[in-house]
Amino acid sequence: SYSFCTLLSSEQCDSNMPPSSRINQVAPHTLINIQREDGKHDRDYKISEEPDEKMPNASIFTCIKEDHTLGNLMRTQLHTNEDVYFAGYKPDHPTVHSFFLKIQTRPGYTPATAVSTCLGELLYQIGRFETDFCSALEDFDTATNQDVVMEESSPVGEELDIGM
């Protein structure tokens, strides 16, 4: 049996894991490995920044091999920062795993600093969520004197009774 805490902290996909826990795993062999002219790989450039000439103190960040889930999290977190005037994102294309994040900040506060602060806050919040969830799960286990077992159930192949 696997606990949610084990699944959260597992670094690699275990073939013994329930299929429902492996759904969002990305197989390493499906990732494109691009080597740039300067000899570095694209994995060395997860986020790139390009200043936006149309707006003062603004930049457009390109996040590679990420999707709109992280884009929406970052946008939402950036809206809580008083030094950020504007934050928005858009996915590149549904088949391309990247998105663009546009940020405008007050003078004297760089968009790169805003992104760095945002990512630090998100890491803290996710770590706190994991700690609280695992603690609540352990409390539930001790209160009920049983281990929580994650089971996969699927209506596929089962006959459904629709009352006809």
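It should be noted that the structure appears before, not after, this text.
Bear in mind the structure is a predicted one, so any value in this text is a computation, not a measurement. (Residues numbered from 1 in each chain as written. Predicted model: local features only at pLDDT ≥ 70, side-chain atom pairs only at ≥ 80, totals over all residues. Heavy atoms only, no water.)

Draft legend 1. Focus on the nonpolar core. Ranked by internal contacts, the top residues of the largest apolar core, which has 14 residues, are Met74, Leu78, Val84, Leu101, Ile103 and Val115. Among the elements that take part in this core, helix 4 (residues 111-144) stands out by supplying 4 residues, more than any other. Once you skip the residues sitting within four places of it in the chain, Val115 turns out to touch Phe61, Met74, Leu78, Leu101 and Ile103. (Core = buried A, V, L, I, M, F, W, Y, C linked by side-chain atoms within 4.5 Å. Buried < 20%, exposed > 50% of the residue type's maximum accessible area, 1.4 Å probe, protein only. Helix = DSSP H or I, 4+ residues; strand = E, 2+ residues; numbered from the N terminus. Contact = heavy atoms within 4.5 Å.)

Draft legend 2. Examining the pairing of strand 3 (residues 84-93) more closely. Where strand 3 and strand 4 (residues 96-105) come together, 8 bridges link them in antiparallel fashion. Counted as the bridge partner of Pro91 is Phe99 from strand 4. (Pairing = 2+ DSSP bridges.)

Draft legend 3. Seen up close, the environment of Asp52. Looking at the secondary structure, you find Asp52 in the loop between strand 1 (47-51) and strand 2 (58-64). Along the sequence, Asp52 and Lys102 sit 50 residues apart, while their C-alpha atoms lie 8.4 Å from each other. Discounting residues that sit within four places of it in the chain, Asp52 has contacts with Ala58, Ser59, Ile60 and Lys102. A polar atom in the side chain of Asp52 sits 3.1 Å from the backbone nitrogen of Lys54. (Polar contact = N/O pair within 3.5 Å; in protein donor to acceptor, adjacent residues only side chain to side chain.)

Draft legend 4. Structural context of the sheet that holds strand 1. Within the open sheet, the 4 strands sit side by side as 1-2-4-3. Their pairing is antiparallel. The open sheet has two edge strands with one neighbour each: strand 1 and strand 3. If you compare each strand with its neighbour and ignore which way they point, the axes differ by 20 degrees on average. (Axes fitted to C-alpha atoms, helices over the stretch in contact; angles between N-to-C directions.)

Draft legend 5. Representation of the packing of helix 3 (residues 68-78) against helix 4. Running from amino to carboxyl end, helix 3 crosses helix 4 at an angle of 105 degrees, the nearest separation of the two axes being 9 Å. By the angle between their directions, the pair helix 3 and helix 4 is classed as roughly perpendicular. For the pair helix 3 and helix 4, contact is made by Leu73, Met74, Gln77 and Leu78 and by Ala114, Val115, Cys118, Leu119, Glu121, Leu122 and Gln125, respectively. Looking at the contact of helix 3 with helix 4 residue by residue, the class counts come to 8 nonpolar, 2 polar and 1 charged. (Parallel < 35°, antiparallel > 145°, perpendicular 65-115°, else oblique. Nonpolar A, V, L, I, M, F, W, Y, C, P; charged D, E, K, R; others polar.)

Draft legend 6. Summary view of the packing of aromatic side chains. Here the structure, examined in full by the defined rule, presents 2 aromatic pairs. Each ring, one from Tyr89 and one from Phe99, has its centre 6.2 Å from the other, and the planes form 85 degrees; the classification is edge-to-face. Separated by 10 residues along the polypeptide, Tyr89 in strand 3 and Phe99 in strand 4 bring together distant segments of the chain. On the basis of relative accessible area, Tyr89 is assigned to the partly exposed category, the value being 24%. (Phe/Tyr/Trp six-rings, centres within 6.5 Å; stacked < 30°, edge-to-face > 60°.)

Draft legend 7. Highlighting helix 4. Across its 34 residues, helix 4 extends 49 Å between first and last C-alpha, which sits within 8% of the 50 Å expected from 1.5 Å per residue. Note on helix 4: the residue one or two positions beyond its end, Asn145, has a positive phi of about 55 degrees. (Expected span 1.5 Å × (residues − 1).)

Draft legend 8. Structural detail: unusual backbone geometry. One non-glycine residue, Asn57, lies in positive phi territory at about 55 degrees. Looking at the element boundaries, Asn57 is found in the loop between strand 1 and strand 2. Despite not being glycine, Lys65 shows a phi value in the positive range, around 60 degrees. The topology assignment puts Lys65 in the loop between strand 2 and helix 3. The partly exposed category is assigned to Lys65, whose relative accessible area is 28%.

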